[in-house]
Amino acid sequence: MLRFLVRRTLGAVVILLIISACTFFLFYAIPRDPALLHCGKTCDPESLEIIRRNLGLDEPLPEQYRAYMAGILTGRDFAVGPCPAPCFGYSFANGEPVWGTILDRLPTTVSLALGGAAVFLVLGLGAGMLAAWRRGGFLDKFLSSVSLVCSSLQIYFVGPLVIALLVYRLDLLRQPEYVPITSSPVDWFAGLLIPWVVLSLIFTAQYTRMSRSTLIEQLGEDHVRAARARGLSGRTVFFRYAWRGSLIPVVTIFGIDLGSLFGGAMVTEFTFTLPGLGRLAVDSVLDTDLPMLMGVMLFAAAMIIAFNILVDAVYAFIDPRVRLS
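Residues numbered from 1 in each chain as written. Predicted model: local features only at pLDDT ≥ 70, side-chain atom pairs only at ≥ 80, totals over all residues. Heavy atoms only, no water.

1. What to know about the overall build of the protein chain
- In terms of regular secondary structure, the protein chain is built from 14 helices and two strands.
- Its C-alpha atoms give the protein chain principal-axis dimensions of about 85 × 55 × 35 Å.
- Taking all 325 residues of the protein chain together, 43% fall into the buried category.
- Long-range pairs, those at least 24 residues apart, make up 65% of the contacts in the protein chain between residues at least 6 apart in sequence.
- When the accessible surface of the protein chain is summed, it comes to about 17,000 Å², and 67% of that surface belongs to carbon and sulfur atoms. (Helix = DSSP H or I, 4+ residues; strand = E, 2+ residues; numbered from the N terminus. Buried < 20%, exposed > 50% of the residue type's maximum accessible area, 1.4 Å probe, protein only. Contact = heavy atoms within 4.5 Å. Areas by Shrake-Rupley, 256 points an atom, 1.4 Å probe, with all protein chains shown as cover.)

2. So, the state of the cysteines
- Applying the stated criterion to the full structure yields one disulfide.
- The side chain of C83 participates in a disulfide bridge whose partner is C87; the two sulfur atoms lie 2.2 Å from each other. Here the S-S torsion is close to 110°, and the disulfide linking C83 with C87 is therefore right-handed. Judged on exposure class, the residue C83 and its partner C87 are both buried. (Disulfide = S-S within 2.5 Å.)

3. Side note on the packing of helix α1 (residues 2-27) against helix α4 (residues 61-74)
- Where α1 meets α4, the closest approach of the two axes is 11 Å, and the angle between their N-to-C directions is 135°. When the interaxial angle is binned, α1 and α4 end up oblique. Judged by the twist between their axes, the crossing of α1 over α4 is right-handed. Mapping the contact onto sequence places L17, S20, A21, F24 and F25 in α1 and L61, P62, Q64, Y65 and M69 in α4.
- Taken together, the residues of the contact of α1 with α4 sort by class into eight nonpolar, two polar and no charged. (Axes fitted to C-alpha atoms, helices over the stretch in contact; angles between N-to-C directions. Parallel < 35°, antiparallel > 145°, perpendicular 65-115°, else oblique. Left-handed = near helix turned anticlockwise from the far one by under 90°. Nonpolar A, V, L, I, M, F, W, Y, C, P; charged D, E, K, R; others polar.)

4. Considering the packing of aromatic side chains
- Using the criterion set out here, one finds 14 aromatic pairs in the structure.
- Between F24 and Y68, the aromatic rings sit 6.4 Å apart at their centres with planes inclined by 45°, giving tilted as the arrangement. With a gap of 44 residues between them, F24 in helix α1 and Y68 in helix α4 connect regions that are remote in the sequence.
- Given a relative accessible area of 5%, Y68 falls into the buried group.
- Judged by centre distance (5.5 Å) and plane angle (20°), the ring pair of F88 and W99 falls under stacked. (Phe/Tyr/Trp six-rings, centres within 6.5 Å; stacked < 30°, edge-to-face > 60°.)

5. Section: the UniProt feature "transmembrane region" (unreviewed entry) in the protein chain
- With numbering matched to this structure, UniProt assigns "transmembrane region" (unreviewed entry) to residues 12-30, 112-133, 145-168, 188-208, 247-272 and 292-318.
- Span residues 112-133 is 100% helix and 0% strand, its end C-alpha atoms 31 Å apart.
- With 100% helix and 0% strand, residues 188-208 has its two end C-alpha atoms placed 28 Å apart. (UniProt positions renumbered as here; feature names shortened; annotations may be inferred.)

6. Here we look at α4
- For α4, built from 14 residues, the straight-helix expectation of 20 Å at 1.5 Å per residue is met to within 8% by its first-to-last C-alpha distance of 20 Å.
- Buried within α4 are the following residues: Q64, Y65, A67, Y68, M69, G71 and I72.
- The first or second residue beyond α4 is G75, which carries a positive phi of 90°. (Expected span 1.5 Å × (residues − 1).)

7. As for the side chain of S147
- Topologically, S147 is positioned in helix α6 (residues 138-151).
- Among the residues examined, S147 registers a relative accessible area of 4% and is labelled buried.
- Beyond its immediate sequence surroundings of up to four residues, S147 is in contact with A205, T208 and R209.

8. What to know about the environment of L280
- Mapped onto the fold, L280 is located in helix α13 (residues 277-286).
- Taking the C-alpha atoms as reference points, L280 and M266, separated by 14 residues in sequence, lie 8.5 Å from one another.
- Residue contacts for L280: discarding those within four places in its chain leaves T101, R105, M292 and V296.

9. A closer look at the pattern of salt bridges
- Overall, the coordinates contain four salt bridges when judged by the stated rule.
- E63 is the salt-bridge partner of R66, the closest N and O atoms lying 2.8 Å from each other. Taken together, the residues span about one helical turn, with R66 and E63 both in helix α4 at a distance of three residues.
- Given a relative accessible area of 47%, R66 falls into the partly exposed group.
- One salt bridge connects R174 with D187, and the closest N-O pair in it is separated by 3.0 Å. Residue R174 is located in the loop between α7 (155-169) and α8 (185-219), and its partner D187 is located in helix α8; the two are separated by 13 residues in the primary sequence.
- Using a relative accessible area of 29% as the deciding quantity, one classes D187 as partly exposed. (Salt bridge = Lys/Arg side-chain N within 4 Å of Asp/Glu carboxyl O.)

10. Points about α13
- Those residues of α13 that fall on the buried side of the exposure criterion are L277, G278, L280, A281 and S284. Here the buried residues of α13 occupy an arc of 160° about the axis, which is enough to place them on one side.
- Of the residues flanking the end of α13, it is T288, one or two places downstream, whose phi is positive at about 55°. (Arc of directions from axis to C-beta.)

Written as structure tokens, this is what we have:
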């Protein structure tokens, strides 16, 4: 297990370096000077040169990239002041520390990810088990049809419809917003309920179909048939043998989805105007804000890679037949 974790960690570092290099150098293909964003429309050449020097834009690109990556590990000194590790620089758009801004936006993204994941995972696995348990029957056909319809829906389409119906038409729920759970748990729950519902509609369909298909496949495996031959009850065979083995592909997809949500659900946060990491990434692209974009991209990539490593490590606990070397 230790060798596996060390190998995957080293691979993750290489992937993050590749992502950071691609993002950094592709950014300068955009025909906009970040210093002009700070300087404004009435900028003179002297002020522009000072701003470029303060932002570190007067150095060659390789040196800028080296200084950026070194600052993440050891910190960095700017003209505006020192930046302690992990230093992702200062925003080109507003001059705020990138790492501090990410930490400020992170609770919104974490709340959206954990709440939505809990809802769609429970509903998806539950519906998939029911469909597999009653495969071929009315319940199986009904759940399969509903999941097929929901899988074709899009968040930017369903979100406004749900808000129009539940908020403005029926006045059952409040407008989506983020309220810190430490301020008011009730308002935190009420403000994120609609985004969780919409996420569950989209993601539950995927988990219902996957859970059903893997369960039906597991029910035909040799070890499941052997369990039946030993006289075990159908319920025991279903949950102890078939259901446990069917979790591996579900856990794989769940790890990817949860890592992506932790990195920022761009469409969801934009649809419901939630101040999370996904919306921060889009705003950074529109503002030509390289430090902020780099910070969010690296954080999102790290989350996805970390959850993938965690999922691989969990395999051995779900299915004893899986061994990590």
